[in-house]
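As a plain string of letters, each chain reads:
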Amino acid sequence: MSVGIIIAIIAIVLVALIVVWVISVQRRLVSIDELCGNAMSQIGVQQNTRWDALNALADLTKQYDEHEYNTLKDVIAHRQPITANSTAADAEAQENFLTQAMSRFMAVAEQYPDLKANTMYIETMQGVKQYEENVRLARMTYNDTVTKFNRVVRQFPTSLVAGMLGFPVKDYLQTEEAKKDMPDMKR
């Protein structure tokens, strides 16, 4: 065998190994990216459940104050769904919007002691508290998944493949510090 053939075989083997490695890295990136999308979708599911609870609370206010009911319904109508393709900023914006809506509802409930004593109100508020916990857990899962994804995207040599194939670093959801003004659901 001539030296030229040996060099050609070695080159072909090296190219094949590089192609197999790139495919492997791409599959790993796609897999972790899908996990990030799934985690974001879970946040959306939990937020929708909280919006449904807020809808139920708004319906309860109808018998106390029609204007407040209409105002709350208008706020609820402006919600945006969180999907697998949503960004951390989208989820944060909806979370802030939901927090403002809950604050508004809490202010209305303070004006009507009978509403706060209503069994349906009490049960719904207990559900809201559970939904808050579910969202907190979904947010933690998302950030953990993003950490794994970002680690793979930023580490050399996979960062080369990630850059070539358009896998940018993902943003984290903000810490619970942003929720320090959340209304107290224990009232």
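Keep in mind the model is a prediction, meaning the values are calculated, not measured.

Cut-off values and rules
- Residues numbered from 1 in each chain as written.
- Predicted model: local features only at pLDDT ≥ 70, side-chain atom pairs only at ≥ 80, totals over all residues.
- Heavy atoms only, no water.
- Axes fitted to C-alpha atoms, helices over the stretch in contact; angles between N-to-C directions.
- Helix = DSSP H or I, 4+ residues; strand = E, 2+ residues; numbered from the N terminus.
- Parallel < 35°, antiparallel > 145°, perpendicular 65-115°, else oblique.
- Left-handed = near helix turned anticlockwise from the far one by under 90°.
- Contact = heavy atoms within 4.5 Å.
- Nonpolar A, V, L, I, M, F, W, Y, C, P; charged D, E, K, R; others polar.
- Expected span 1.5 Å × (residues − 1).
- Polar contact = N/O pair within 3.5 Å; in protein donor to acceptor, adjacent residues only side chain to side chain.
- Phe/Tyr/Trp six-rings, centres within 6.5 Å; stacked < 30°, edge-to-face > 60°.
- Lys NZ or Arg CZ within 6 Å of the ring centre and 35° of its normal.
- pLDDT = per-residue confidence, 0-100.
- Patch = residues over 30% accessible without salt bridge, like charges linked within 9 Å, V, L, I, M, F, W, Y side chains within 5 Å.
- Areas by Shrake-Rupley, 256 points an atom, 1.4 Å probe, with all protein chains shown as cover.
- Salt bridge = Lys/Arg side-chain N within 4 Å of Asp/Glu carboxyl O.
- Buried < 20%, exposed > 50% of the residue type's maximum accessible area, 1.4 Å probe, protein only.

Engineer: I would appreciate a short explanation of the packing of helix α1 (residues 3–62) against helix α2 (residues 66–77) in the present structure.
Structural biologist: Relative placement of two packed helices is described by the angle separating their axes and the distance separating the axes. Relative to each other, α1 and α2 sit at 165°, their axes nearing to 8 Å. Taken as axis vectors, α1 and α2 run roughly antiparallel relative to one another. Read as a crossing pair, α1 and α2 show a hand that is left-handed. Two secondary-structure elements touch here, α1 through Trp51, Leu54, Asn55, Ala58, Asp59, Thr61 and Lys62 and α2 through Glu66, Tyr69, Leu72, Lys73 and Ile76. Among the residues forming the contact of α1 with α2, the class breakdown is six nonpolar, two polar and four charged.

Engineer: Would you explain helix α5 (residues 119–154) in this entry?
Structural biologist: Note: α-helices contain 3.6 residues per turn, so residues at a spacing of three or four share the same orientation. Taking 1.5 Å of rise per residue, 36 residues should cover 52 Å, and α5 covers 52 Å from first to last C-alpha, within 8% of that figure. Between the side-chain oxygen of the N-cap and the backbone nitrogen of Met120 there are 2.6 Å, and the N-cap of α5 in question is Asn118.

Engineer: Sorry if this is basic, but what is going on with the packing of aromatic side chains here?
Structural biologist: Aromatic ring pairs are described here by two measures, namely the spacing of the ring centres and the angle between the planes. Enumeration over the complete set of coordinates arrives at three aromatic pairs. Above the face of the Phe149 ring, Lys170 is positioned so that its terminal group lies 5.1 Å from the ring centre.

Engineer: I'm lost on the packing of α2 against helix α3 (residues 88–111) in this one. Help?
Structural biologist: It is at 10 Å that the axes of α2 and α3 come closest, and there the two elements cross at 170°. Looking at the two axes, α2 sits roughly antiparallel to α3. Contacts between α2 and α3 involve Glu68, Thr71, Leu72 and Val75 on the former and, on the latter, Phe97, Ala101, Arg104, Phe105 and Val108. Residues belonging to the contact of α2 with α3 are distributed by class as follows: six nonpolar, one polar and two charged.

Engineer: Help me understand unusual backbone geometry, please; the structure alone is not making it clear to me.
Structural biologist: Glycine aside, a negative phi is what most residues show, and trans is what most peptide bonds show. That bond from Phe156 to Pro157 is cis: its omega, 10°, falls within 30 degrees of zero. For Pro157, the position within the fold is in the loop between α5 and α6 (158–165).

Engineer: Just to check I follow, could you spell out the confidence of the model for the protein for this structure?
Structural biologist: Detailed reading of the predicted model is not advised wherever pLDDT is low. When the pLDDT values of the protein are averaged, the result is 87; 93% of them are 70 or greater. Confidence scores differ between elements of the protein, with α2 showing the lowest mean pLDDT of 81 and α6 the highest of 95.

Engineer: Would you mind showing me how to read a nonpolar patch on the surface here?
Structural biologist: Where nonpolar side chains cluster on the molecular surface, the patch consists of Met1, Ile5, Ile6, Ile9, Ile10, Val13, Leu14 and Leu17 and spans about 790 Å² of accessible area. One can find Val13 in helix α1.

Engineer: Any chance you could explain the side chain of Gln46 here in plain terms?
Structural biologist: Tracing the chain through its elements places Gln46 in helix α1. Overall, Gln46 belongs to the buried group, its relative accessible area being 16%. Beyond its immediate stretch of four places on either side in the chain, Gln46 contacts Asn134, Val135 and Ala138.

Engineer: Whenever I open this one, the pattern of salt bridges confuses me. Can you help?
Structural biologist: Side chains that differ in sign of charge can pair as their charged atoms come close. Under the definition given, this model contains eight salt bridges. Asp33 is the salt-bridge partner of Lys170, the closest N and O atoms lying 2.7 Å from each other. Separated by 137 residues along the polypeptide, Lys170 in the segment after α6 and Asp33 in helix α1 bring together distant segments of the chain. The class for Lys170 is partly exposed, based on a relative accessible area of 24%. On the basis of relative accessible area, Asp33 is assigned to the partly exposed category, the value being 24%. Measuring nitrogen to oxygen at the nearest pair gives 3.9 Å for the salt bridge that ties Asp52 to Arg79. Taken together, the positions of Asp52 in helix α1 and Arg79 in the loop between α2 and α3 put the pair 27 residues apart, joining distant regions of the chain. Overall, Asp52 belongs to the partly exposed group, its relative accessible area being 45%. Residue classification places Arg79 among the partly exposed positions, given a relative accessible area of 27%. Through salt bridges with shared partners, a single ionic network connects Arg50, Glu95 and Glu132.

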